[in-house]
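Structure assessment
Here's the letter readout for the chains.
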Amino acid sequence: MASTSSDSHSILQKLINNLSGDLRQLSTETKKKYPPIKEAAEACNMKLREYSTMKDNLSTVMRDASVDLLQPFVLGCDTKQVKIVQLCLTSIQKLLQHHIVNQASAATIVNVLSTLCELQTEELKILQTVLLLVNTTSVVVHSTLATLFVITFRLCFSKDPTIVNTSTATVRQLVTAVYDRVIEEDAQHTSSGDQLNQESDLAKQQQQQQQQLSHSVDTLRPYARDAYLLFQDLCYLINGDQPIWLIGLTEITRTLILELIETILTHYAPVFHCHSEFRYLLKERVSPLIIKLFSPGAKHSNPNSNISSGSNSNSTYDSAYFPLIARLLRVVCILIRYYFTLLITECEIFLSLLIKLLEPDKPVWQRSLAIECIHKIIIHQNLIKLFCLSYDMQPHASKILRDLTNAISSYVQSYFNSVPISSNSSTTSGQTNSNNAANSDKKSSGTSTASKLDNTNASNNSNGTAGSSNTVLFAYRNVVVPQYVTYTQGQAKAVYVENWEKFDCPLIPDSYGIVVAYACMLELVRAVQSIIEGTGMRGDTISGTQLRTSGQLRPLESLAESERHECIEVVNCTWSSVLVTFTLLYDVCYDDTTCELLLRGFQTYISLCGMLGMNVQRDAFVTCLCKMALPPQYNIHLLSKQQNNEQQQQQQSLLQKLTSRSSSDSSGGGDLERQQVVIIGTPLPFLNSTPATNQTAVMLTSKNIHCMRTLLSIAHCYGSILGTSWHLILTTLQHLVWIIGFKPSTGGTLKHIGTIANTDATPMANSSAVVTTAAMADLPILSSMLSRLFESSVYLDDVALHHLIDALIRLSIESMEVAIVVREPSLFAIAKILETGRANLNRIGVWWKPISSHLLDVCQHTNPRMREWGTEALTLLVRNALEYKYEQSLFDNERLLHMIIISLHELSLIQHFDVRQKQLEATLSILTNNGPTLQTGWPIILNIIGSITREHNDSLIRQAQQCLQLVVTDFLSTIPICYLGILIKVVAKFGFQEQDLNIALSAIGLLWNMTDYLFRMKEQEHQLKNVNDYLDPNEIYDNLTAIEELWMILYRKLSELTIDQRPAIRKSASSTLFTMITSHGQLLSTGAWSILIWQVLFPLFEQVEQFFYTASKEREQQQQQQLSKSSTGAQDILMHHSRDTPEKQWAETYVMILAGVTRTVQVKKDFLAKLDDFPKVWNVLLTNIEKSALAKNPEIALAALKSFNDLVNVPVNPSSSPSPKKTLTSSDQHLWQEAWQVWLNIGNGCSRCPPERIIIIDRYDSNIPSQNFLTFYIDIFPNLTNHIWSSDFIHNEKHFEQFATIIERVLAVPIHSDMALFLIPTDVNLTLLQESAYKAVEFVYKNLKIELTKTSNASALLPILFKRLLVLVLYAINPPTFDCTEQIKKISTNKQQSNGKMNDSNVNFVPFSEKILRMTVSFYEDVADNPAVIENGTLQTIVQTLQIPLSMKYNCPSSTTWKLAIECFFRVLKVGLIVARKHRNAFESMWTELAKTFDDFLFSKSVPPSDIPIEEIQRDEARLSSN
């Protein structure tokens, strides 16, 4: 503080020194002419000396004495001497600079200045002093200040331009200083804490507002009062009234006053807002003043004026009123911008005036100034909201915001509508523009000739500007609109309304206002966006995308009703004008940046309308954008929607007019108007379109591509609020994609398929699109944007996603309708459905049903391409859905898993092979990737694999078999056991298919693999509790375990395969079936076995038997030849003669089934014996064996015997004894007795004469059994007799008799003629049948012999046995005859004729009989002393039998017979005579027979044949004598 005081004191000391010098100089200059002045100067100098000695309060002392200090200088100014005046004014300025002045001294100075001003002396010094008075001190107030203003204003009318400019600047500074004082004064009162005064001021303000604003200034503070009076007088002066405060001021220019008012209103708005008195001035002085000043401009417009072209009155008016109108418009802008809330009613008038100035009948300069003012207003976004709230939303107010936007739109439209069609397109751009501008002026009613000339010159100027500028914003019919000003967001560059220096009306081009109007509309869009987003309905950008999601947008429902209504009304007031203007401007736009800004405006309004739920407005913008994206006059009916009201109809008609106009003029326009054609393609076919229409070339320009990118951006960023507009956007994209030549590829992405050519290339009919080099770089970008659009649908909420999917489905349905009549349909919708689904797998439950249902419909389409992509989309979605990693594992979510896989299963209902092929490929992929985790999805997958029908071709069957093979080989262990029943049936189904035999055979092999798996599953049987849930009701049996249910399914399916029409399948299935039963039958319970036998095996046998008896006997060779001829070069397949008829093939199956059933019963007999109905099983089996053995088919008959032999060939015990160690139960005895009876029945049946009584012994067609059959039949006897020997056979003579009879009858059966040479035995060997018969007899002989050693009960059979043996012995002499004639032929005694053979028998029985004879003799030698043998005259019977060959001797068929007979005869006698001597009574009748035998032999009537050598005869006699 001390240093500051010292500095101030030193400054004042310097001032005193300077003033002392000035006073001395003044004294010197005035000492002669003006002595009073000299004296005053010296007196003042004396005071200064006194002040110089003071150290404290020097400044205050000097300020108080300022009047005295000024006295010499004031007197000096009165002298009017220039030198003295300059000296005095300089000294006064020094005092002012050091603040040595008070209110009295200031008034003195002002009076001096006023006097000098009137004398026009030292005007510049006066102005300098005026500024110092106001700027350096605040003591100049009230009337003193008013006098200063009067002085300054007077100087503004000086003849010296320098003085005028300086005074004008001084006035502005004075005004600024006055109002700065008010600001400081208000700030001091506020900072001093004068709260009571503030409250009183507010109360006064409210009271004054209620009393319609009093104009009293009593309540104002001093500085505010001065400012108020100054502003009031300015208003009076501009209005032509006398000022109240500025007394003495009579004239002032209006332009200067308007500029001062503008300055005050611009920089000191707080003053007007804080003081009601100032508000009163605004409302009661300024507003009426402006309205009044605008009235001459209104009078200028005269619609009916017909002023001659030579008049320049209007030109004079323009020059006179342009400065005034320009400044008035600036004031209007300021009032609207800063004082709207204070002047709501007045601003309505101002805005109406601005709107009126845009009318076509106004001069160009007025319209240009008005549009500049509107631009300055619109950049203030809060004003748009206030306009809507204050006017448009009020019930009885003007719709200012709507009218304002409509006026701008009409302004733009009127310009382009007035452009005529050029008659000579070869004219230069400048000439054309000049003519168009002139013609436009002529068409404008009420426009003067002077204005026309101005506009013409302006147009020429415009052309010059356009020629010098590199940027053309708009071009239409060779009229160009250059970029006069560069658009900067939030800034208004008013070229003409802000030009204060211009007082003459400039030449403004007509097109200049279009550029400003374009900027106004852009700012309007920005303002509306800011208003709505200011409520919080703005979404932040997601990282990596530009998508706004509902989670980040403030929902419409959360807004207050007032906010919502306000936002909707703002959009309602502006949308139609924005839509029409932007559509028109884009149509004529020539600059890429401008196009981008216009399209961004579309994007903004679409987003705002969508957020506010204004669907009609949103759809209108989308529709126009879609039309702009398509070529002109493109035929797309979906975008020509019925309008909802008259306003929309008018807009639609205007848009159609603009479109048609630009299309019609495109061929005759200039180079500027032509847009670059980048792609040439063909239109997308639609319903009822003609081939000529579909082949017509359409062209896409760069603007179309730009619109397409905007559409993609809108859909990408605002998909959540598009709603039903999705259909419009997607329809347009589909058409554009078609024209460009994008085709779907794997996964649904689009790739271009077309031709690269020059710009003038044109596509041929039905060819791909031709793309210029300029557009090639855009194609990958467009493809990527298309993919990202649908991939980003993952960010949409569920409702928005449904809108998107619904639109895609609708689009796809339309494509399906068109695809019926065209060969190449649009696949855009299907491809994008696929992309959308793949992107939203995380919420698959939301969209799966509608998409899958639609894709299933597509899969049934008649068009192959449509069907192919529908199937591709569905199968790929299923595969991706199964592979997706969900929060909850999909395989734990049974409902969702089934929902996904069932869609794939439903493809099975579609009969198109290509669909089924895709389905099976997807199934194979699913199995490969997800097989181990399918769990509950296995039933559906298995049903898909098993959905094969007879109509499917080989390739489909093979594909399905690959899936099945994979399941059984790799995933059998992962399939839940409860689903194995389904798997078994599916595998069996492949066995039933008839397209591929190898697959059917492999299916049977898979069934065998499953048997092993089931066998190992015994330990996991507890997991099969719900297996019945997946079986048909008729497949479920009571009292069976779950594993047994599966076994039953397996057996039943194999049994069904066993009756297949293909022999190979039957053979493989039957073999597998019985092998399975044999290997794993022990797992079955008795109940299961009962079901297996009665419901599987026996019915199977019956079915096979029925098929056999109904099978054709016709050879298949002819059928095969026909098939081979009909096939493409197939060669005949040779077939063995034993299988060349269906009957023979079924016979093979018959044999296998019979053998299998028999083997099953034989192997499992011990277990099956536990069944209650096992005797019935045994009986049925034996009945079938008997029936089969007696069948005419030799193969079946022989197989039946083999089966019978297998059944009875059960070892009784390790020894050879026929008697088992254990005693047979009564039930076992009954079973074997049935078997014995069957054996007898077979023997009787096969040895019986055929019913037709005619023997057919042909190789291939015989009605008698073969020797092989009979041999096998006899071989069964020992095995069977083992079971009944000790229990029944040995005690029943009837059985032996039956056996002997069977042997005799069987031996009499003739052999087949072609086999005779191979069966006739030599003299030593027996036939197979004879050998078997001999073994059977030998079996009885040996066992009886053994039995005799144990008990005498068997003795009763001895006489019968010898009797039957002796019958067989005589077969050497008299062979048996087949009992098929009335009489049995006698034995021929003529050796040469018969040679031991009968005509109906070709068999030599000599060796057989001789062998039987030896057996008989040996047996007799062993039992000769048996009482039964003795009592029944067995020896006598033997002698009688041997008598026949002995008596015949050389007449026997074979000489060995009588020779063996004589040998045996002596052997018998050797033993028998000993017994006869002991039992004479029993042999009394034998002796006669014995003598007769000797007699017949020794004196035989037969003579040796002549061909026998004598030596042989001698040897025979010698042999006899030796015996």
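Please read all numbers here as calculations on a predicted model, not as lab measurements. (Residues numbered from 1 in each chain as written. Predicted model: local features only at pLDDT ≥ 70, side-chain atom pairs only at ≥ 80, totals over all residues. Heavy atoms only, no water.)

1. Structural notes on the overall build of the protein
Counting its secondary structure elements, the protein contains 62 helices and eight strands. Per-residue burial over the protein gives 55% buried out of 1523 residues. Of the contacts made within the protein by residues no fewer than 6 positions apart, 76% connect residues no fewer than 24 positions apart. Surface exposure of the protein reaches about 65,500 Å², of which carbon and sulfur atoms provide 50%. (Helix = DSSP H or I, 4+ residues; strand = E, 2+ residues; numbered from the N terminus. Buried < 20%, exposed > 50% of the residue type's maximum accessible area, 1.4 Å probe, protein only. Contact = heavy atoms within 4.5 Å. Areas by Shrake-Rupley, 256 points an atom, 1.4 Å probe, with all protein chains shown as cover.)

2. Examining the packing of helix 43 (residues 1063–1080) against helix 46 (residues 1142–1163)
Where helix 43 meets helix 46, the axes come as close as 10 Å, and the angle between the chain directions of the two elements is 0°. Classified by the angle between their axes, helix 43 and helix 46 sit roughly parallel to one another. Of the residues in helix 46, those touching helix 43 at Pro 1063, Arg 1066, Lys 1067, Ser 1070, Ser 1071, Phe 1074, Ile 1077 and Thr 1078 are Gln 1145, Trp 1146, Glu 1148, Thr 1149, Met 1152, Ile 1153, Gly 1156, Val 1157, Arg 1159 and Thr 1160. Along the lines of polarity and charge, the residues of the contact of helix 43 with helix 46 split into seven nonpolar, seven polar and four charged. (Axes fitted to C-alpha atoms, helices over the stretch in contact; angles between N-to-C directions. Parallel < 35°, antiparallel > 145°, perpendicular 65-115°, else oblique. Nonpolar A, V, L, I, M, F, W, Y, C, P; charged D, E, K, R; others polar.)

3. Some words on the packing of helix 38 (residues 938–945) against helix 39 (residues 954–970)
Where helix 38 contacts helix 39, the axes come no closer than 9 Å and their chain directions differ by 140°. Counted together, Trp 938, Leu 942 and Ile 945 of helix 38 and Ala 960, Cys 963, Leu 964 and Val 967 of helix 39 form the full contact between these two elements. Considering only residue class, the contact of helix 38 with helix 39 consists of seven nonpolar, no polar and no charged.

4. Things to note about unusual backbone geometry
With a phi close to 60°, His 99 is a non-glycine residue in the positive phi region. In this fold, His 99 is placed in the loop between helix 5 (82–97) and helix 6 (103–118). The phi angle at Gln 935 is positive, at roughly 55°, despite the residue not being glycine. Among the secondary structure elements, Gln 935 is positioned in the loop between helix 37 (913–930) and helix 38.

5. Looking at the environment of Asp 619
Tracing the chain through its elements places Asp 619 in helix 25 (residues 615–629). Along the chain, Asp 619 and Leu 728 lie 109 residues apart, while their C-alpha atoms are 8.1 Å from each other. Engagement of the side chain of Asp 619 in a polar contact is seen with the side chain of Arg 618, the distance being 3.2 Å. (Polar contact = N/O pair within 3.5 Å; in protein donor to acceptor, adjacent residues only side chain to side chain.)

6. Examining the state of the cysteines
Across all of its chains, the model carries zero disulfides by this definition. Free of any disulfide, Cys 595 has its nearest cysteine sulfur in Cys 589, 3.1 Å distant. The buried category is assigned to Cys 595, whose relative accessible area is 2%. (Disulfide = S-S within 2.5 Å.)

7. Thoughts on the pattern of salt bridges
If you walk through the whole model with that rule in mind, you get 33 salt bridges. Across the pair Asp 361 and Lys 362 runs a salt bridge whose closest N-O atoms are separated by 3.5 Å. Overall, Asp 361 belongs to the buried group, its relative accessible area being 19%. The class for Lys 362 is buried, based on a relative accessible area of 6%. Linking Asp 914 and Arg 867 is a salt bridge whose minimum nitrogen-to-oxygen distance equals 3.0 Å. (Salt bridge = Lys/Arg side-chain N within 4 Å of Asp/Glu carboxyl O.)

8. So, the nonpolar core
If you look at the biggest cluster of nonpolar residues, it comprises 476 residues, and the most contacted ones within it are Tyr 179, Phe 387, Leu 983, Phe 1204 and Trp 1239. With sequence-adjacent residues up to four places away left out, Tyr 179 is seen in contact with Ala 227, Leu 230, Phe 231, Ile 264, Tyr 268, Val 271 and Phe 278. (Core = buried A, V, L, I, M, F, W, Y, C linked by side-chain atoms within 4.5 Å.)

9. Overview of the side chain of Thr 144
Relative to the helices and strands, Thr 144 resides in helix 8 (residues 142–155). We classify Thr 144 as buried; its relative accessible area is 13%. With residues up to four places along the chain from it excluded, the contact list for Thr 144 reads Ala 106, Ala 107 and Val 110.

10. A look at the packing of aromatic side chains
The full count for this structure, using the stated rule, is 51 aromatic pairs. Here the aromatic residues Tyr 179, Tyr 228, Phe 231, Tyr 268, Phe 272, Phe 278, Tyr 338 and Tyr 339 are joined through ring pairs into a cluster of three or more. Lying across the ring of Tyr 223, Arg 181 places its NZ or CZ 5.5 Å from the centre. Over the face of the ring belonging to Trp 1178 we find Lys 1165, whose NZ or CZ atom lies 5.8 Å from the ring centre. (Phe/Tyr/Trp six-rings, centres within 6.5 Å; stacked < 30°, edge-to-face > 60°. Lys NZ or Arg CZ within 6 Å of the ring centre and 35° of its normal.)

11. Examining helix 16 (residues 344–357)
For helix 16, spanning 14 residues, the distance from its first C-alpha to its last is 20 Å, which sits close to the expected 20 Å at 1.5 Å a residue. Here helix 16 has its buried residues at Glu 346, Cys 347, Glu 348, Phe 350, Leu 351, Leu 354, Ile 355 and Leu 357. (Expected span 1.5 Å × (residues − 1).)

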